[in-house]
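Examination of the molecular architecture
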Amino acid sequence: MVIRNTELIELVDPSLPRLIRIVSEYGIMSYFFVLGLEMELKNIFRRRRPTREAVMAYSGIAATYVLLACLQPVIVKGLAPGDRANYIISLGLSLSNTSSTVLTRLITDLKIGKSEIGRLVVNAGVHNDMTTMLLMALFFALHAKIIGRKMDFIFSRTFFIVLFLVFQTWFIRKVGRRGINWINDKNPEGKPISGWHVFVSMIVVAILCAIANMMGYNGNMNAFLIGLTLPREGRVSRAFIRKINIWLAEMIFPLYYTFMGTLLRLDSWKGWTSFKEFSVLVLLGMVGKVIGSVPTAISMGFSISEAVCVGLLLNVKGHYHILAVMNAFEIGVVNSTGLLINIMAVLVTILYIPLVAEIIVWQARKRHAKLQMGLQWHNPDSELRIMTCLHSPKNVPSAIKMIEVTRGRPPSPGVTVFAADLVQLTSRTAATLTHGQGMDVVDVKDEAIVEMREEITMAFNNYLDGCGEGVDINRLLIVSAYNTMHHDICNAAQDALAVLIILPFHKKQRVDGTMDNGQNELRAVNRKVLRHAPCSVGILVDRGLVGSSIIASSLESFQVVVVFIGGPDDREALCYASRVAYYPGVKLTAIRFLLESEHDNISIASSLYGSKNASERRLIMDTREDMHVDDEYFADFYERHVTNGSVSYVEKHVYNGAETIAALRALEREYKLFIIGNGSSHLTTGKAEWEECPELGPLGDNLASSDFSATASLLIIRQHNPKRQEEDVIEEEFSLR
């Protein structure tokens, strides 16, 4: 293998100033500190059962060690017996580690971050990085030889190191967190953060790392543990992350890697022997991750090729691996040939990522090219992907309520939500735009917008901590002018493979219960999304939907009614109601409206056929085609939900649309949420002429008016139909003048 001699080679060229080494070492310590600060330790211990991302990460680590154990006689050949265990452990941690920061940036730049595989890989990479770094920190504490110390008095040294780390963790959690909270209070939002506070905090971190280093513990690992223990929330932590990352990107990493380049000796490559060692090192990491990822990914519903792609993506190496091999080179564990081989192995794990991303994109397009993205065609055994749009924190409580009741049956894969903050692009906003972090293409530094986004994020985090089992929420930011915002919404929904977009109604409820006039710009956005959306769309009319506490909602009676008259939009509404029916706090009632007699049906059909209105004639033709599908679909719903008593069923016979509206208005005090379809039908014909908001459909327009109810919220759903979408786009120029 690569590591066979213990020739000690000086890390620093005597001609280089000593100051460069000191600055580089402090910068690398800062990198490990920020790495820990960006991670959440509670993600590992928060849930009783590990998430599927955690299972993916653990399986990759375990498979790598199993592979090393099987190849141990070959790998440790030539090493002393006392060095073999340390070498296998350190090599396993290095090969099984995933550089989450590098992986996230690559996934984002390659435009696959919002896909199911992209999100799975990013989250699994974070779990993997955190777990392997914790194991590495423990390994450094228990095995002093890895940092060049002899084994004399190892027990006493290990005891004091562990005792110091325990005391340090207690000190940071009890004293350090209070100090950080005090600094946050002294630096409220809207004011520049004091540089002295940041400087003093970093000095304290440096002192703790220096003490650990004096005791024989690795200062970089201690910086990671300190960052992991400190709270991630607050202005001080954000300032640490932002300022240190800028410092690392613009000064430390270029300096350090230039310095590393001076140590690489291309003439140390030993031909076929070095190539064999290089190949073995690369294949160990790739094969271990693929072996661990394939069974886990297949059990999650991915194909074999997608599972292999997941394993290859999780094999990405980065800064940590370069720093580790440089540390090994410093203490003489690897020679100049080993340094060159290890650096080349790190680069190889990044070079093939664009090809893997192309394969993922090609397979996703092939799979979804012929699919209609809607609830009716959604596989119940796969996760439900919803995009909910938010204009302000006032939209969050109702959005959380809709997410909560949409989780479905507990054994189901759950719901993946893309919560998109919609921000109008103004001259002031444009001046604060920066390159986005994580999954966002852009970010906004405007204080008001930052505060709004933090308030929304905090509300979602509180919900997830309280009762968010089975729900995965991804935050998005859409910054655009109102006349083009629908394009960004639709593109984001398409990238996320969402089957439903939920938009807030452009009108808001006043204190007296009536609806205001609303914003015409937001109404235009909703109408354009309905025309261009790549999936089904729901418009939520909120009239105090939440009521009591979200967390206690499973213990209360939440009365919901779904209205079924007929047509694709009503089938989509019924499909959504099927998921709502599984929620323990919901009492769902299905109401089906039917014509009073067959004679009335023939009479209406004859009048429609005799009408000169082409749209009405087309309506009756579509109605006849859909009638058989409606009967079958409702019969299936009845069999699954009504027969077992989980859903109440009411059948109402009416003569015309006026009676339909009157029957629904009589129910306004009985139900908290009405789920209805957007389309017209034979029972709503003639109502379109009086519609104030045609984008809601005949029923939705009537029920959203101020004279309907002050307490009943509405969800009006329109099913995705490519053919109807093309017709709507043609008429768009005329309808939105």
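In this text, all values refer to a predicted model and were calculated from it rather than measured experimentally.

So, on to the overall build of the protein chain. Helices and strands together make up the secondary structure of the protein chain, namely 27 helices and 12 strands. Counting over 737 residues, the protein chain shows a buried share of 53%. Residue pairs in contact within the protein chain that sit at least 24 positions apart in sequence constitute 81% of those at least 6 positions apart. On the protein chain, roughly 34200 Å² of surface is accessible, and the fraction owed to carbon and sulfur atoms is 60%.

What follows concerns the side chain of lysine 289. Position of lysine 289 among the secondary structure elements: in helix α12 (residues 272-299). Although buried, lysine 289 forms no salt bridge, and the nearest oppositely charged side chain, aspartate 129, lies 9.3 Å from it. Here lysine 289 is in contact with Gly60, Thr64, Leu95, Ser96, Asn97, Thr98, Asn128, Gly311, Leu314, Asn315 and Lys317, once residues within four sequence places are set aside.

A separate point is the state of the cysteines. Tallied over the entire structure, the rule returns zero disulfides. As a non-bridged cysteine, cysteine 389 has cysteine 490 as the owner of its nearest cysteine sulfur, 9.1 Å distant.

All right, on to helix α19 (residues 447-467) then. Helix length check: α19, at 21 residues, gives a terminal C-alpha distance of 30 Å against a target of 30 Å (1.5 Å per residue), a fit within 8%. For α19, the set of buried residues is Ile449, Val450, Met452, Arg453, Ile456, Phe460, Tyr463, Leu464 and Cys467. Buried positions in α19, seen along its axis, are confined to an arc of 165 degrees and lie on one side of it.

Turning to the sheet that holds strand β5 (residues 471-480), a few remarks are in order. Taken in spatial order, the 10 strands of this open sheet run β5-β2-β1-β6-β7-β12-β11-β8-β9-β10, and their pairing is mixed. Looking at strand neighbours, the two that pair on one side only are β5 and β10 (647-654), the edges of this open sheet. Across the sheet, the axes of successive neighbouring strands diverge by a mean angle of 20 degrees, strand direction being ignored. Sheet analysis places strand β2 (residues 415-424) next to β5, joined by 10 bridges and oriented parallel. By the bridge assignment, phenylalanine 418 is partnered in β5 with asparagine 474. Along the sheet, helix α20 (residues 485-496) contacts β1 (384-390), β2, β5 and β6 (500-504); its crossing angle with β5, the most-contacted strand, is approximately 150 degrees. Across the sheet, helix α25 (residues 657-665) lies against β8 (558-564), β9 (586-595), β10 and β11 (673-677), angled at about 145 degrees from β10, the strand it touches most.

Looking now at the pattern of salt bridges. Taken as a whole, this structure holds 11 salt bridges when the rule is applied. For arginine 523, the salt bridge identified is with glutamate 695, shortest N-O distance 3.2 Å. One end of the pair, arginine 523, is in helix α21 (residues 520-532); the other, glutamate 695, is in the loop between β11 and α26 (697-703), with 172 residues separating them in the sequence. For the pair arginine 523 and glutamate 695, a shared accessibility class is recorded, and that class is buried. For aspartate 631, the salt bridge identified is with arginine 592, shortest N-O distance 2.7 Å.

Burial analysis of helix α10 (residues 219-229) places 10 of its 11 residues in the buried class, which makes it a mostly covered element. Considered for burial, the residues of α10 that qualify are Gly219, Met221, Asn222, Ala223, Phe224, Leu225, Ile226, Gly227, Leu228 and Thr229.

Before going further, it helps to examine the environment of glutamate 53. Its location among the elements puts glutamate 53 in helix α3 (residues 52-70). Distance in space between the C-alpha atoms of glutamate 53 and glycine 125 is 8.2 Å, their sequence separation being 72 residues. Apart from residues lying up to four places away in sequence, glutamate 53 is in contact with Leu120, Asn123, Ala124 and His127.

Relative to each other, helix α17 (residues 396-405) and α19 sit at 30 degrees, their axes nearing to 11 Å. Judged on the interaxial angle alone, α19 and α17 are roughly parallel. For the element pair α17 and α19, the recorded crossing hand is right-handed. Here Val396, Ile400, Ile403 and Glu404 of α17 come into contact with α19, specifically with Ile456, Ala459, Phe460, Tyr463 and Cys467. Split by residue class, the contact of α17 with α19 holds eight nonpolar, no polar and one charged.

Let's shift gears to the packing of aromatic side chains. The full count for this structure, using the stated rule, is 14 aromatic pairs. Relative to phenylalanine 32, the ring of tyrosine 31 lies with its centre 5.4 Å away and its plane at 70 degrees, an arrangement referred to as edge-to-face. Phenylalanine 32 sits in the buried class, given a relative accessible area of 2%. Residues phenylalanine 253 and tyrosine 257 carry aromatic rings whose centres are separated by 5.6 Å and whose planes lie at 10 degrees to one another, so their mutual orientation is stacked. Here the residue phenylalanine 253 and the residue tyrosine 257 both occupy positions in helix α11 (residues 235-263), the gap between them amounting to four residues, near one helical turn. Aromatic ring contacts, followed pair by pair, group Tyr31, Phe32, Phe253, Tyr257 and Tyr320 into a single cluster. For the cation-ring pair, lysine 401 lies above phenylalanine 558, with the distance from its terminal atom to the ring centre recorded as 4.6 Å.

The next point concerns the side chain of threonine 296. Locating threonine 296 in the fold gives a position in helix α12. Beyond its immediate chain neighbours, meaning those up to four positions away, threonine 296 contacts Val55, Met56 and Ser59.

For strand β12 (residues 713-718), the buried fraction is high: six of the six residues fall into the buried class. Going residue by residue along β12, you find Ser713, Leu715 and Ile717 tucked away on one face and Leu714, Ile716 and Arg718 tucked away on the opposite face as well. By the bridge criterion, five bridges tie strand β7 (residues 536-541) to β12 in an arrangement that is antiparallel. Counterpart to glycine 538 in the pairing with β12 is isoleucine 717. Note: β11 against β12, five bridges, orientation parallel. Within β12, the position partnered with leucine 673 by the bridge is serine 713.

Ranked by internal contacts, the top residues of the largest apolar core, which has 106 residues, are Met387, Ile489, Ile501, Tyr576, Phe674 and Ile675. Those residues in contact with isoleucine 675 that lie beyond four places of it in its chain are Val560, Val561, Val562, Val563, Ala573, Tyr576, Ala577, Val580, Leu715 and Ile717. Membership of the second largest hydrophobic core comes to 61 residues, among which are Leu93, Ile161, Ile244 and Ile322.

So, about the packing of α3 against α12. To characterise two packed helices, one gives the angle between the axes of the helices and the distance between these axes. Where α3 contacts α12, the two axes come as close as 7 Å, and the packing angle between them is 135 degrees. Judged by the inter-axis angle, α3 sits oblique to α12. Between α3 and α12 lies a crossing whose hand is right-handed. Across the interface between the two elements, Val55, Met56, Ser59, Gly60, Ala63, Thr64, Leu67 and Leu68 of α3 pack against Leu284, Val287, Gly288, Lys289, Ile291, Gly292, Ser293, Thr296 and Ala297 of α12.

Rules behind the numbers
Residues numbered from 1 in each chain as written. Predicted model: local features only at pLDDT ≥ 70, side-chain atom pairs only at ≥ 80, totals over all residues. Heavy atoms only, no water. Helix = DSSP H or I, 4+ residues; strand = E, 2+ residues; numbered from the N terminus. Buried < 20%, exposed > 50% of the residue type's maximum accessible area, 1.4 Å probe, protein only. Contact = heavy atoms within 4.5 Å. Areas by Shrake-Rupley, 256 points an atom, 1.4 Å probe, with all protein chains shown as cover. Lys, Arg positive; Asp, Glu negative; His and termini not counted. Salt bridge = Lys/Arg side-chain N within 4 Å of Asp/Glu carboxyl O. Disulfide = S-S within 2.5 Å. Expected span 1.5 Å × (residues − 1). Arc of directions from axis to C-beta. Pairing = 2+ DSSP bridges. Axes fitted to C-alpha atoms, helices over the stretch in contact; angles between N-to-C directions. Parallel < 35°, antiparallel > 145°, perpendicular 65-115°, else oblique. Left-handed = near helix turned anticlockwise from the far one by under 90°. Nonpolar A, V, L, I, M, F, W, Y, C, P; charged D, E, K, R; others polar. Phe/Tyr/Trp six-rings, centres within 6.5 Å; stacked < 30°, edge-to-face > 60°. Lys NZ or Arg CZ within 6 Å of the ring centre and 35° of its normal. Core = buried A, V, L, I, M, F, W, Y, C linked by side-chain atoms within 4.5 Å.

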